[in-house]
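# Secondary and tertiary structure notes
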Amino acid sequence: MNKKITVKDFTRMKEEGEKISMISAYTYPIARIIDEAGIDSILVGDSLGMNILGYENTLNVTLEDSIRHTQAVARGAKRALVIGDMPFLSYGVSVEEETKNAGKLVQEGSCEAVKLEGGKERIDDILAIKSIGIPVLGHIGLTPTYINMYGGYKVQGRDSKDEERLLKDAKLLEDAGVFGIVLEAIPWKLGKKITEELSIPTIGIGAGEFCDGQVLVIDDLIGLSYITKPKFVKHYVKTQEIIHNAVKTYIEEVKKSKYPSEEYRYD
Ligand code: KIV
């Protein structure tokens with residue numbers, strides 16, 4: 001069996017110029033498939049709210065939802081670093097509460113690290129969670145739990161003031177000791193600049209090709225998602241079409257008594 005990837009490998013990979021591959025995924029069978037395919041890390045993202053639970057956005061996802069899906073992924077991932085995503089309200093209320101919540105996600109979800117969204121306003125949270133031995137992945141740019149502040153899913157860091165703010169946030173997160181930072185939906189030049197100025201890896205999603213790694217949501221990658229396709233999403237396969245056609249064939253065979261044939265019955 002391949003050795004488990006750790007947060008130390010993230011640092012090493014940046015130093016050696018090896019790109020980091022990450023997928024956001026939520027279930028046991030998908031975790032097994034992508035782990036066996038050699039993915040470096042699986043984030044159990046709160047995007048599970050839209051992709052698994054059918055919510056409009058990530059705000060309805062609870063800590064229990066996150067724990068349940070992190071457990072499933074952890075059972076399937078033998079090599080990849082598993083990162084649990086702290087959902088809305090599981091942090092940002094009180095340091096005591098969020099440290100406990102991060103601990104629960106690790107203890108019950110069996111992940112090896114947690115992710116939370118935000119810049120300078122998250123520094124105390126990150127320090128507290130790290131103080132009990134939990135590695136933290138940062139997340140800046142388009143942070144989906146702030147959607148009501150942005151007025152929709154909009155590219156961030158387009159003007160010089162916002163660019164400056166994001167660069168500053170990235171440095172503050174690095175100083176607070178995160179092991180990496182997700183950069184979501186920002187111009188590629190800003191993704192490149194932040195990546196060059198940090199010694200920790202950046203993981204881009206809609207942040208251009210110069211980031212140290214990339215993350216995509218599995219439902220986007222395989223063409224299963226019903227969410228409007230952002231510019232950065234590449235469908236590597238058309239799963240909706242494949243399932244649709246398979247089910248149509250099944251229905252037809254049942255209607256015509258072609259399934260089950262002798263091969264599929266017990267003697
Ligand atoms: O929830 C999620 O899947 C994420 C990634 C898109 C980074 O936060």
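Residues numbered from 1 in each chain as written. Predicted model: local features only at pLDDT ≥ 70, side-chain atom pairs only at ≥ 80, totals over all residues. Heavy atoms only, no water.

Here we take up the layout of surface pockets. One water molecule sets the probe size; rolling that probe over the atoms shows where empty space is left. Roughly 1,200 Å³ of volume is contained in the largest pocket. Along the walls of the largest pocket sit 49 residues, with Glu184, Ile205, Gly206, Pro230 and Phe232 positioned nearest its centre. Mapped by element, the contributors of at least two residues to the lining of the largest pocket are β1 (20-24), α3 (48-51), β6 (180-184), β8 (213-217) and α10 (218-221). In terms of residue count, the dominant contributor to the lining of the largest pocket is β1 (5 residues). Per-class residue counts for the lining of the largest pocket are 26 nonpolar, 11 polar and 12 charged. (1 Å grid on protein atoms, 1.4 Å probe; cavity = no way out; pocket = protein on both sides within 12 Å on 5 of 7 lines; lining within 4 Å. Points joined across faces, edges and corners; volume = space filled by probe spheres on them. Helix = DSSP H or I, 4+ residues; strand = E, 2+ residues; numbered from the N terminus. Nonpolar A, V, L, I, M, F, W, Y, C, P; charged D, E, K, R; others polar.)

Around the ligand, the neighbouring residues are Ser24, Leu43, Gly45, Asp46, Ser47, Asp85, Lys115, His139, Val182, Ile205 and Val217. Within the side chain of serine 47, an N or O atom sits 2.5 Å from an oxygen atom of the ligand. Lysine 115 is positioned with one of its side-chain polar atoms (N or O) 3.3 Å from an oxygen atom of the ligand. In isolation the ligand has 260 Å² of accessible area, and contact with the protein removes 96% of it. When atom positions are compared with the pocket grids, the ligand is found to occupy the largest pocket. In the shell around the ligand, the residues fall into 4 nonpolar, 4 polar and 3 charged. (Near = heavy atom within 4 Å. Polar contact = N/O pair within 3.5 Å; in protein donor to acceptor, adjacent residues only side chain to side chain. Areas by Shrake-Rupley, 256 points an atom, 1.4 Å probe, with all protein chains shown as cover. Sits in = over half its atoms within 2 Å of the grid points.)

With that settled, consider the pairing of β8. With 4 of 5 residues buried, β8 lies mostly within the body of the structure. Direction of pairing for β1 relative to β8: parallel, over a ladder of 5 bridges. Bridging across to β8, isoleucine 23 finds its partner in leucine 216. With 2 bridges connecting them, strand β7 (residues 202-205) and β8 associate as parallel partners. Residue pairing across strands places isoleucine 203 opposite glycine 213, the latter belonging to β8. (Buried < 20%, exposed > 50% of the residue type's maximum accessible area, 1.4 Å probe, protein only. Pairing = 2+ DSSP bridges.)

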